Amino acid sequence: MERRSLAFSVFIHMAALLLAAVILAPLVWLFVMSISPAADLSAKPLRWWPQTVDFSRYALLLSTVANSAGAAFTASLRNSLLVSGMATTAAIALAIPAGWAVSRTPAVGWSLSLVIATYMLPPVALAVPLYMGLSALGLLNTVFGLALVYLTILAPFTTWLMKSGFDTIPREIESAAMIDGAGLWQTLRIITLPLAAPVMATSALFAFLLAWDEFFYALLFTSDQRAKTLTVAIADLAGGRVSDYGLIATAGVLAALPPVLIGFLMQRALISGLTSGGVKG
């Protein structure tokens, strides 16, 4: 094996540390703001670490007292989990057969390209027809209605990712299974889907993150705690005459935790998919 020089190894480690600092610095500062008293956040010169650590904002946002900021935040957290989970599950359920069909039938690939082209439209151009559709169905300000809107965003994206994953799986493997007597569903369940598990996990992770961070449609189609999501709830914290930036930072830290935890779980799913999808030569 080629041996690296000491200078090159030092450069690689310094570059990795610099990249980690650039990525993590905003998150660290967000946490510092969340535990800093209000006086420290407006002090000049700026204090990079608070004189006294204050975790009271976390207790405030996680409380369930009626008509409190905590009740609104926990309700929006629950709504975000429900909306993102339903939209992601439905998107993957649609993307698997659609992506496999487009991958195995290149003649209809134009249909996927046409659907992907809708991403060039700005969201505001689709706001009116989506609003009218939800209003006609009685789904305005509902978790299910918002999940349905998110599905229109996630389904083309996840289908494109799944199609790319199915393209890497040789068709000869499926043909051999069918020759041995396996039906279409058995071939997909036993052969194709285990091999496509890594891209399924990746698609689900990206779809969840897209739904979790969406703000525009959530702002338009929700009005109260029955369907309002975290992104809108955090924006409401900054909507008053006097904004508590520490409280906004605390909400940001708490809102970042579910995607981080799901990311760790999906990372395990990626590794499991890579190992279970292997075939012996």
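Residues numbered from 1 in each chain as written. Predicted model: local features only at pLDDT ≥ 70, side-chain atom pairs only at ≥ 80, totals over all residues. Heavy atoms only, no water.

1. As for the confidence of the model for the protein
Working step 1: With 92% of its residues at a pLDDT of at least 70, the protein reaches an overall mean of 85.
Working step 2: Put simply, helix H13 (residues 245–276) is where the protein has its lowest mean pLDDT, 76, and helix H11 (residues 216–221) is where it has its highest, 93. (pLDDT = per-residue confidence, 0-100. Helix = DSSP H or I, 4+ residues; strand = E, 2+ residues; numbered from the N terminus.)

2. A closer look at the environment of Leu61
Working step 1: Within the secondary structure, Leu61 is located in helix H3 (residues 56–61).
Working step 2: Judged by relative accessible area, Leu61 falls into the buried class, the value being 0%.
Working step 3: With residues up to four places along the chain from it excluded, the contact list for Leu61 reads Ala69, Gly70, Phe73, Thr74, Leu247, Thr250, Ala251 and Leu254. (Buried < 20%, exposed > 50% of the residue type's maximum accessible area, 1.4 Å probe, protein only. Contact = heavy atoms within 4.5 Å.)

3. Here we look at the packing of helix H4 (residues 69–104) against helix H7 (residues 143–167)
Working step 1: The geometry of H4 relative to H7 is characterised by a closest axis approach of 6 Å and an angle of 35° between their N-to-C directions. The way H4 lies across H7 gives a crossing that is right-handed.
Working step 2: A breakdown of the residues in the contact of H4 with H7 according to their chemical character gives 23 nonpolar, 6 polar and 3 charged. (Axes fitted to C-alpha atoms, helices over the stretch in contact; angles between N-to-C directions. Left-handed = near helix turned anticlockwise from the far one by under 90°. Nonpolar A, V, L, I, M, F, W, Y, C, P; charged D, E, K, R; others polar.)

4. Section: the packing of aromatic side chains
Working step 1: Within this structure, the stated rule accounts for 7 aromatic pairs.
Working step 2: Consider the rings of Tyr217 and Phe221, whose centres lie 5.7 Å apart with planes at 5°: the pair is stacked. With Tyr217 and Phe221 both in helix H11 and 4 residues apart, this pair spans about one turn of that helix. Taken as a pair, Tyr217 and Phe221 share a single burial class, namely buried.
Working step 3: Ring-pair connections join several aromatic residues into one group, and the members of that group are Tyr131, Phe216, Tyr217 and Phe221. (Phe/Tyr/Trp six-rings, centres within 6.5 Å; stacked < 30°, edge-to-face > 60°.)

5. Examining unusual backbone geometry
Working step 1: Here the phi dihedral of Asn141 falls at roughly 55°; this positive angle occurs in a residue that is not glycine.
Working step 2: Summarising the element assignment, Asn141 is placed in the loop between helix H6 (123–137) and H7.
Working step 3: By relative accessible area, Asn141 is classed as buried at 9%.

6. As for the environment of Ile92
Working step 1: Tracing the backbone through its elements, the reader meets Ile92 in helix H4.
Working step 2: Measuring from C-alpha to C-alpha, the distance between Ile92 and Ala182 comes to 24 Å, with 90 residues separating the pair along the chain.
Working step 3: What Ile92 contacts, discounting residues up to four positions off in sequence, is Thr158, Met200, Ser203 and Ala204.

7. Some remarks on the nonpolar core
Working step 1: In terms of nonpolar packing, the biggest core is built from 20 residues, with Val83, Leu146, Val149, Tyr150, Leu154 and Phe221 touching the most fellow members.
Working step 2: Considering every element that reaches this core, the biggest residue donor is H7, with 8 residues.
Working step 3: When neighbours within four sequence positions are excluded, Val83 is seen to be in contact with Val143, Leu146, Ala147 and Tyr150.
Working step 4: The next biggest cluster of nonpolar side chains, apart from the first, holds 15 residues, and it includes Ile169, Ala196, Val199 and Met266. (Core = buried A, V, L, I, M, F, W, Y, C linked by side-chain atoms within 4.5 Å.)

8. Things to note about the layout of surface pockets
If you roll a probe as big as a water molecule over the atoms, it shows you where there is empty space left.
Working step 1: Each pocket or cavity is described by its volume, and for the largest pocket that value is around 280 Å³.
Working step 2: Taken together, 13 residues line the largest pocket, and the ones lying closest to its centre are Thr118, Tyr119, Leu126, Ile153 and Tyr217.
Working step 3: When contributions to the lining of the largest pocket are tallied by element, the ones reaching two or more residues are H6, H7 and H11.
Working step 4: The residue inventory of the lining of the largest pocket, partitioned by class, reads 10 nonpolar, 2 polar and 1 charged.
Working step 5: Looking at the second largest pocket, its volume works out to about 160 Å³.
Working step 6: If you trace the second largest pocket, you find it lined by Leu24, Leu27, Val28, Leu30, Phe31, Gly252, Val253, Ala256, Leu257 and Val260. (1 Å grid on protein atoms, 1.4 Å probe; cavity = no way out; pocket = protein on both sides within 12 Å on 5 of 7 lines; lining within 4 Å. Points joined across faces, edges and corners; volume = space filled by probe spheres on them.)

9. A word on the side chain of Ser203
Working step 1: The topology assignment puts Ser203 in helix H10 (residues 197–213).
Working step 2: The buried category is assigned to Ser203, whose relative accessible area is 0%.

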